[in-house]
Amino acid sequence: MQRRIRRRYAAERRFRLMGLLAVLLSAGFLAFLLVSMLTAGIGGFQRVQVALPIDFPAAQLEVAPAQLATAGADLALSGAGLEGVTGLAAVKAFGEDQPVIAESAWLTVRDAIKADPTLLTRRAALYVPAAPGIEEAYKATGEPAAEQMVQRLKAAGAIRSGFNWGFLTGADSTDPTAVGIWGALKGSLLTMAITLLIAFPVGVLSALYLEEYAPKNRWTDLIEVSINNLAAVPSIIFGLLGLALFLGTFNLPRSAPIVGGLTLALMIMPVIVIAGRNAIKAVPPSIRDAALGVGASPVQVVFHHVLPLALPGILTGTIIGMARALGETAPLLMIGMRAFIVQAPDGLSAPATVLPVQIFLWSDQVSRGFIEKTSAAILVLLAFLLAMNAFAIYLRNRFETRW
């Protein structure tokens with residue numbers, strides 16, 4: 001008997017040890033993922049700038065100061081050849097052997113002139129975005145010529161780095177030094193808003209009907225099986241459905257948040273229905289009996305007692321479904337949300353893209369400058385997911401009732 005007890009205790013210790021090792025292994029993989037993403041993506045939030053001296057009087061830009069105060073200031077400066085003036089100033093200051101400033105550097109000069117029109121009357125050194133090769137050599141290692149140029153700029157005090165606010169406020173671009181995530185982030189917010197506004201009420205009402213009102217027969221059994229099967233359907237199938245239904249039949253605008261939201265709502269609706277039914281089923285029958293006993297109608301029982309008590313589970317399932325929808329790429333590619341969008345969408349029917357698709361597009365770029373921007377966009381997506389899950393935990397704790 002003592003041997004059997006010792007063997008039983010030894011088996012229990014081994015089981016606890018294996019559980020601890022499993023937890024440590026999972027935590028190790030998670031830590032490796034986070035550290036690798038942070039290491040690769042932290043540079044995407046940094047911007048390297050170079051001081052570019054420009055002699056504006058010698059450039060003879062034919063722009064009247066009155067034009068800079070109007071809505072056509074951008075067009076006036078562009079038509080006056082500001083891009084060429086910026087390029088010539090870079091060649092004069094740094095030579096032609098190594099590109100030092102980014103292709104979008106003239107946009108920074110344009111914004112500086114709009115903010116201070118007196119620049120046109122004097123010589124000034126403006127900090128503009130560095131070229132991708134110079135940026136890589138400044139942050140880590142790059143080509144020998146670029147590293148030599150960086151050392152020369154450091155010795156002259158003509159190079160600096162700082163937080164890249166443009167990455168959080170800009171949209172897509174062909175220049176890796178000028179890309180931003182706000183266009184894709186706003187597209188994701190609009191798409192998720194449409195998804196939530198459609199999937200949540202329809203899914204919750206469907207779960208209430210199936211659990212509280214629907215008769216138990218073969219038809220409801222067939223509906224239940226169909227819902228369970230829809231929850232396991234690959235997401236690309238819903239993309240084909242959205243392509244045929246919303247674009248082919250209803251002729252909705254292509255690559256628009258409203259189409260993406262409708263498609264993702266169809267995808268996560270079965271998840272919300274299943275989570276809602278399980279949460280409603282977990283409410284004790286005594287709650288219903290007590291409410292009916294004091295004279296409440298069946299509708300009052302459901303909406304005043306059952307639904308509030310089941311709400312934490314419903315919200316948890318909804319946020320899980322929304323997190324799954326936020327990370328989906330295949331259905332959105334099918335409905336055309338992979339367009340090159342240079343401006344943030346201004347409405348539900350405007351062309352837009354979303355974070356997963358933007359990450360996919362940047363990862364397919366040849367330029368090395370997009371590598372860290374891709375990792376930085378992944379960090380933004382992870383932060384978005386963490387915020388959604390934190391909100392779900394708050395709602396669950398806020399409305400949860402312990403029996």
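Conventions we followed
- Counting starts from 1 at the beginning of each chain's written sequence and moves along it residue by residue.
- The predicted nature of this model means local features are confined to residues of pLDDT at least 70 and side-chain atom pairs, given and counted, to a pLDDT of 80 or more, with totals for whole chains, interfaces and linings taken over all residues.
- Hydrogens and water molecules were not included; the side-chain quantities draw on all heavy atoms of the structure.
- Working definition: helices are DSSP H or I runs of at least four residues, strands are E runs of at least two. Numbering for both runs from the N terminus.
- Taken over C-alpha atoms, the radius of gyration is set against a globule rule of 2.2 Å times the number of residues to the power 0.38.
- Under the scheme applied here, a residue whose accessible area is under 20% of the maximum for its type counts as buried, over 50% as exposed, and between as partly exposed, the area being computed with a 1.4 Å probe on protein chains only.
- For this analysis, residues touch if any pair of their heavy atoms sits within 4.5 Å.
- Accessible surface is estimated by sampling points in the Shrake-Rupley manner with a 1.4 Å probe; for residues, cover comes only from the protein chains shown.
- Just so you know, the count uses Lys and Arg for positive and Asp and Glu for negative, and it drops His and the chain ends.
- The atom standing in for a charge is NZ when the residue is Lys, CZ when it is Arg, CG when it is Asp and CD when it is Glu.
- Any pair of Phe, Tyr and Trp rings, taking the six-membered ring for Trp, is counted once the centres come within 6.5 Å. Such a pair is stacked with planes under 30 degrees apart, edge-to-face with planes over 60 apart, and tilted for the rest.
- In this analysis the charged atom, NZ for Lys or CZ for Arg, is taken to sit over a ring once it is within 6 Å of the ring centre and within 35 degrees of the ring normal.
- What makes a salt bridge here is a side-chain nitrogen of Lys or Arg within 4 Å of a carboxyl oxygen of Asp or Glu, nothing more.
- UniProt positions are given in the numbering used here, feature names are shortened, and annotations may be inferred rather than shown by experiment.
- Being paired, for any two strands, means DSSP has found at least two bridges between them.
- Each axis is a line fitted through C-alpha atoms, and for a helix only the stretch in contact is used; angles between axes span 0 to 180 degrees, taken between their N-to-C directions.
- Each cavity reported here is a set of points on a 1 Å grid over the protein atoms alone in which a 1.4 Å probe fits but cannot get out, each pocket an open set with protein on both sides within 12 Å along at least five of seven lines, and each lining residue one with an atom within 4 Å of a point.
- Grid points are joined across faces, edges and corners, and a volume is the space filled by probe spheres set on the points.
- Amino acid classes used here: Ala, Val, Leu, Ile, Met, Phe, Trp, Tyr, Cys and Pro are nonpolar; Asp, Glu, Lys and Arg are charged; the rest, including Gly, are polar.
- Among buried residues, the Ala, Val, Leu, Ile, Met, Phe, Trp, Tyr and Cys ones that are joined through side-chain atoms within 4.5 Å form a nonpolar core.
- In this analysis, a patch consists of residues with relative accessible area above 30% that form no salt bridge, clustered at 9 Å for like charges and at 5 Å for the nonpolar side chains Val, Leu, Ile, Met, Phe, Trp and Tyr.

1. Overview of the overall build of the chain
The number of helices and strands found in the chain is 17 helices and 3 strands. Against the globule reference of 22 Å for 403 residues, the chain gives a C-alpha radius of gyration of 29 Å, more extended than a compact globule. Principal-axis analysis of the C-alpha atoms places the extent of the chain at approximately 90 × 65 × 40 Å. Per-residue burial for the chain yields a buried fraction of 41% across its 403 residues. The long-range fraction of contacts in the chain, counting pairs at least 24 apart against all pairs at least 6 apart in sequence, stands at 77%. A total accessible area of about 21800 Å² is found for the chain, and carbon and sulfur atoms account for 64% of it. In the chain, the 32 positive side-chain charges and the 26 negative ones have mean positions that sit 17 Å from each other.

2. Structural notes on the packing of aromatic side chains
This model, assessed by the stated rule, comprises 5 aromatic pairs. Between Phe-45 and Phe-163, the aromatic rings sit 6.4 Å apart at their centres with planes inclined by 15°, giving stacked as the arrangement. Linking Phe-45 in the loop between α1 (2–41) and β1 (46–55) with Phe-163 in strand β3 (residues 159–163), this pair joins segments that are 118 residues apart in sequence. Classification of Phe-163 as partly exposed rests on a relative accessible area of 38%. Put simply, the rings of Phe-45, Phe-163, Trp-165, Phe-167, Trp-362 and Phe-370 pair up and form one aromatic cluster. Over the aromatic face of Trp-106 sits the side chain of Arg-110, whose NZ or CZ is 5.8 Å from the ring centroid.

3. Brief notes about the pattern of salt bridges
Taken as a whole, this structure holds 9 salt bridges when the rule is applied. Between Lys-139 and Glu-372 there is a salt bridge whose closest N-O contact spans 2.8 Å. Residue Lys-139 is found in helix α6 (residues 132–139), and its partner Glu-372 is found in helix α17 (residues 369–399); the two are separated by 233 residues along the sequence. By relative accessible area, Lys-139 is classed as partly exposed at 27%.

4. Looking at the UniProt feature "transmembrane region" (unreviewed entry) in the chain
Mapped onto this numbering, the UniProt entry gives "transmembrane region" (unreviewed entry) at residues 189–210, 230–250, 256–275, 309–327 and 374–395. The distance from the first to the last C-alpha atom of residues 230–250 is 23 Å, and the span holds 81% helix and 0% strand. As a span, residues 309–327 carries 95% helix and 0% strand, and end to end its C-alpha atoms are 30 Å apart.

5. Examining the sheet that holds strand β2 (residues 123–129)
Spatial strand order, β2-β1-β3: 3 strands in an open sheet with antiparallel pairing. Pairing within the sheet leaves two strands with one partner each, and these edge strands are β2 and β3. Taken pair by pair, the neighbouring strands of this sheet meet at an average axis angle of 35°, ignoring direction. With 7 bridges joining them, β1 and β2 adopt antiparallel strand pairing.

6. Observations concerning empty space enclosed by the protein
A full pass over the atoms with the stated rule returns 2 cavities of 30 Å³ or more. Its residues assigned to classes, the lining of the largest cavity comprises 3 nonpolar, 3 polar and 3 charged. Space inside the second largest cavity adds up to approximately 40 Å³. Around the second largest cavity sit Ser-188, Thr-191, Met-192, Leu-264, Ala-325, Leu-326, Glu-328, Leu-332, Val-354 and Pro-356, which together line it. Those elements that place two or more of their residues in the lining of the second largest cavity are α9 (182–213) and α14 (298–326). By residue class, the composition of the lining of the second largest cavity is 7 nonpolar, 2 polar and 1 charged.

7. Remarks on the nonpolar core
Of all hydrophobic cores here, the largest spans 57 residues; its most connected members are Phe-167, Ile-268, Leu-332, Leu-355 and Trp-362. The set of elements that each furnish at least two residues to this core consists of α9, α11 (235–249), α12 (257–281), α14, α16 (355–363) and α17. Here the element with the most residues in this core is α14; it accounts for 10 residues. In this structure, Trp-362 is in contact with Phe-167, Asp-172, Val-179, Gly-180, Ile-181, Phe-370, Lys-373, Thr-374 and Ala-377, ignoring residues within four places of it in sequence. Counting residues in hydrophobic clusters, the runner-up holds 36 residues, among them Ala-51, Ala-124, Ala-131 and Met-149.

8. With respect to the side chain of Gln-358
By the element assignment, Gln-358 lies in helix α16. Look at Gln-358 and you get buried, because its relative accessible area is 2%.

9. Examining a nonpolar patch on the surface
Together, Leu-205, Tyr-209, Tyr-213, Val-299 and Phe-303 make up a nonpolar patch on the protein surface, roughly 500 Å² of accessible area in all. At the level of elements, α9 and α14 are the ones that each hand at least two residues to the nonpolar patch. Ranked by residues supplied to the nonpolar patch, first place goes to α9 with 3 residues. Tracing the sequence through the fold places Leu-205 in helix α9.

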